[in-house]
Amino acid sequence: MPSEVSGADVEAFLTTHTLTVEPGAIPSLRSAFASALTKLDKQIELAVTEVRVRPWAGDGVSVEAAEKFNERAFESGDSALGALTSYQRQLKSAMDALDLVEQQYRAMDDDATGLMKQSGC
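Cut-off values and rules
Residues numbered from 1 in each chain as written. Predicted model: local features only at pLDDT ≥ 70, side-chain atom pairs only at ≥ 80, totals over all residues. Heavy atoms only, no water. Helix = DSSP H or I, 4+ residues; strand = E, 2+ residues; numbered from the N terminus. Buried < 20%, exposed > 50% of the residue type's maximum accessible area, 1.4 Å probe, protein only. Contact = heavy atoms within 4.5 Å. Areas by Shrake-Rupley, 256 points an atom, 1.4 Å probe, with all protein chains shown as cover. Salt bridge = Lys/Arg side-chain N within 4 Å of Asp/Glu carboxyl O. Core = buried A, V, L, I, M, F, W, Y, C linked by side-chain atoms within 4.5 Å. Axes fitted to C-alpha atoms, helices over the stretch in contact; angles between N-to-C directions. Parallel < 35°, antiparallel > 145°, perpendicular 65-115°, else oblique. Left-handed = near helix turned anticlockwise from the far one by under 90°. Nonpolar A, V, L, I, M, F, W, Y, C, P; charged D, E, K, R; others polar. Arc of directions from axis to C-beta.

Trainee: Help me out: how do you make sense of the overall build of the protein in this one?
Mentor: Of regular secondary structure, the protein possesses four helices and zero strands. Going from the N terminus to the C terminus, the protein shows its helices and strands as α-α-α-α. Residue burial in the protein is summarised as follows: out of 121 residues, 17% are buried. Of the contacts formed within the protein by residues at least 6 apart in sequence, a portion of 62% connects residues at least 24 apart. Looking at the protein as shown, the accessible area adds up to about 9200 Å², and 58% of this sits on carbon and sulfur atoms.

Trainee: What is the right way to read the pattern of salt bridges from this model?
Mentor: Opposite charge on two side chains permits pairing when their charged atoms draw close. For the structure on display, the rule yields six salt bridges. In this structure, Arg30 engages Glu102 in a salt bridge whose closest nitrogen and oxygen atoms are separated by 2.4 Å. Taken together, the residues span a long stretch of sequence, with Arg30 in helix H2 (residues 26-51) and Glu102 in helix H4 (residues 80-118) at a distance of 72 residues. For Arg30, a relative accessible area of 22% translates into the label partly exposed. The salt bridge involving Asp78 is made with Arg72; its shortest N-O contact spans 2.8 Å.

Trainee: When you look at the nonpolar core in this model, what are you seeing that I'm missing?
Mentor: General note: in soluble globular proteins, nonpolar side chains tend to be found buried as a group. Leu37, Leu40, Ile44, Ala47, Ala73, Phe74, Leu81, Leu91 and Met95 together form the largest nonpolar core, which totals nine residues. Listing elements by their share of this core, those giving two or more residues are H2, helix H3 (60-75) and H4. Per element, the largest residue contribution to this core is four residues, and it comes from H2. In this view, Ala73 contacts Ser79, Ala80 and Leu81; residues no more than four positions away in its chain are not counted.

Trainee: Help me understand the packing of H2 against H4 in this model?
Mentor: The relative placement of two packed helices comes down to the angle between their axes together with the axis-to-axis distance. In the contact formed by H2 and H4, the axes pass within 10 Å of each other and the chain directions differ by 155°. The orientation of H2 with respect to H4, classified from their angle, is roughly antiparallel. As for how H2 packs across H4, the hand of that crossing is left-handed. Grouping the constituent residues of the contact of H2 with H4 by class yields 19 nonpolar, two polar and five charged.

Trainee: Looking at this model, I keep getting lost on H3. Mind explaining?
Mentor: Residues separated by three or four positions in an α-helix point in the same direction, a consequence of the helix having 3.6 residues per turn. Those residues of H3 that sit buried are Ser62, Ala66, Asn70, Ala73 and Phe74. The arc enclosing the buried residues of H3, seen along the axis, measures out at 75°, which places them on a common side. For H3, the exposed residues lying more than 90 degrees away from the buried face are Gly60, Val61, Glu67, Lys68 and Glu75. Contact partners of the buried residues in H3: H2 and H4.

Trainee: It is not clear to me how the environment of Asp41 should be interpreted in this structure. Could you clarify?
Mentor: Relative to the helices and strands, Asp41 resides in helix H2. As a C-alpha pair, Asp41 and Thr85 span 44 residues in sequence and 8.8 Å in three-dimensional space.

In C-alpha coordinates form, the structure reads like this:
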(Lines give C-alpha, C1' and ligand atoms only; values in the text may rest on other atoms or scores of the structure.)
Protein backbone atom coordinates (compact mmCIF):
# COMPACT_ATOMS: atom_id res chain seq x y z
CA MET A 1 0.00 0.00 0.00
CA PRO A 2 1.58 3.35 -1.03
CA SER A 3 2.07 5.93 1.68
CA GLU A 4 0.24 9.22 1.46
CA VAL A 5 2.16 12.48 1.29
CA SER A 6 0.40 15.58 2.53
CA GLY A 7 0.89 19.19 1.48
CA ALA A 8 2.49 19.79 4.88
CA ASP A 9 5.06 17.07 4.11
CA VAL A 10 5.95 18.80 0.86
CA GLU A 11 6.17 22.21 2.56
CA ALA A 12 8.46 20.79 5.25
CA PHE A 13 10.71 19.21 2.62
CA LEU A 14 10.96 22.43 0.64
CA THR A 15 11.76 24.58 3.66
CA THR A 16 14.58 22.28 4.81
CA HIS A 17 16.36 21.82 1.47
CA THR A 18 18.44 24.27 -0.53
CA LEU A 19 18.89 24.51 -4.26
CA THR A 20 22.08 26.01 -5.66
CA VAL A 21 21.59 27.81 -8.96
CA GLU A 22 24.24 29.04 -11.36
CA PRO A 23 23.54 32.63 -12.46
CA GLY A 24 23.32 31.66 -16.12
CA ALA A 25 20.61 29.09 -15.39
CA ILE A 26 18.19 31.56 -13.82
CA PRO A 27 16.47 32.72 -17.04
CA SER A 28 15.84 29.12 -18.13
CA LEU A 29 14.54 28.16 -14.70
CA ARG A 30 12.28 31.20 -14.56
CA SER A 31 10.94 30.35 -18.01
CA ALA A 32 10.26 26.73 -17.01
CA PHE A 33 8.51 27.81 -13.81
CA ALA A 34 6.49 30.47 -15.67
CA SER A 35 5.39 27.90 -18.24
CA ALA A 36 4.36 25.46 -15.52
CA LEU A 37 2.52 28.24 -13.68
CA THR A 38 0.63 29.27 -16.82
CA LYS A 39 -0.52 25.69 -17.39
CA LEU A 40 -1.40 25.27 -13.73
CA ASP A 41 -3.38 28.52 -13.63
CA LYS A 42 -5.49 27.25 -16.55
CA GLN A 43 -6.12 23.94 -14.79
CA ILE A 44 -7.12 25.66 -11.56
CA GLU A 45 -9.49 27.96 -13.44
CA LEU A 46 -10.98 24.96 -15.22
CA ALA A 47 -11.39 23.09 -11.92
CA VAL A 48 -13.10 26.04 -10.27
CA THR A 49 -15.47 26.77 -13.15
CA GLU A 50 -16.08 23.44 -14.86
CA VAL A 51 -15.39 20.42 -12.64
CA ARG A 52 -17.90 20.79 -9.82
CA VAL A 53 -20.45 17.96 -10.11
CA ARG A 54 -24.22 18.36 -9.77
CA PRO A 55 -26.54 15.48 -8.92
CA TRP A 56 -27.16 14.04 -12.37
CA ALA A 57 -30.16 11.79 -11.63
CA GLY A 58 -31.87 13.92 -9.02
CA ASP A 59 -32.09 10.99 -6.62
CA GLY A 60 -30.55 10.53 -3.19
CA VAL A 61 -27.67 8.40 -4.46
CA SER A 62 -26.53 10.94 -7.06
CA VAL A 63 -26.95 13.78 -4.55
CA GLU A 64 -24.70 11.98 -2.06
CA ALA A 65 -22.18 11.04 -4.76
CA ALA A 66 -22.00 14.62 -6.04
CA GLU A 67 -21.58 15.98 -2.50
CA LYS A 68 -18.77 13.52 -1.72
CA PHE A 69 -17.01 14.20 -5.03
CA ASN A 70 -17.19 17.97 -4.60
CA GLU A 71 -16.04 17.81 -1.01
CA ARG A 72 -13.06 15.61 -1.90
CA ALA A 73 -12.19 17.65 -5.00
CA PHE A 74 -12.65 21.14 -3.57
CA GLU A 75 -13.38 21.43 0.11
CA SER A 76 -11.54 18.89 2.25
CA GLY A 77 -8.21 19.76 3.82
CA ASP A 78 -6.34 17.59 1.34
CA SER A 79 -8.56 18.27 -1.68
CA ALA A 80 -7.34 18.13 -5.25
CA LEU A 81 -7.89 21.88 -5.62
CA GLY A 82 -5.98 22.47 -2.39
CA ALA A 83 -3.04 20.49 -3.74
CA LEU A 84 -3.08 22.48 -6.98
CA THR A 85 -3.22 25.83 -5.21
CA SER A 86 -0.40 24.74 -2.88
CA TYR A 87 1.70 23.84 -5.91
CA GLN A 88 0.79 27.22 -7.45
CA ARG A 89 2.05 29.02 -4.32
CA GLN A 90 5.27 26.98 -4.40
CA LEU A 91 5.91 27.88 -8.04
CA LYS A 92 5.31 31.56 -7.32
CA SER A 93 7.65 31.38 -4.31
CA ALA A 94 10.30 29.68 -6.44
CA MET A 95 10.02 32.41 -9.06
CA ASP A 96 10.27 35.11 -6.38
CA ALA A 97 13.35 33.37 -4.96
CA LEU A 98 14.93 33.22 -8.42
CA ASP A 99 14.32 36.94 -8.87
CA LEU A 100 15.95 37.65 -5.51
CA VAL A 101 18.95 35.44 -6.26
CA GLU A 102 19.38 37.10 -9.65
CA GLN A 103 19.31 40.54 -8.00
CA GLN A 104 21.94 39.39 -5.49
CA TYR A 105 24.15 37.98 -8.26
CA ARG A 106 23.90 41.25 -10.19
CA ALA A 107 24.70 43.33 -7.11
CA MET A 108 27.75 41.16 -6.36
CA ASP A 109 28.86 41.39 -9.99
CA ASP A 110 28.41 45.16 -10.00
CA ASP A 111 30.38 45.43 -6.74
CA ALA A 112 33.20 43.30 -8.15
CA THR A 113 33.27 45.35 -11.34
CA GLY A 114 33.42 48.57 -9.31
CA LEU A 115 36.28 47.25 -7.20
CA MET A 116 38.20 46.20 -10.29
CA LYS A 117 37.77 49.65 -11.84
CA GLN A 118 38.93 51.31 -8.60
CA SER A 119 42.04 49.18 -8.51
CA GLY A 120 42.84 50.07 -12.13
CA CYS A 121 42.03 46.72 -13.73
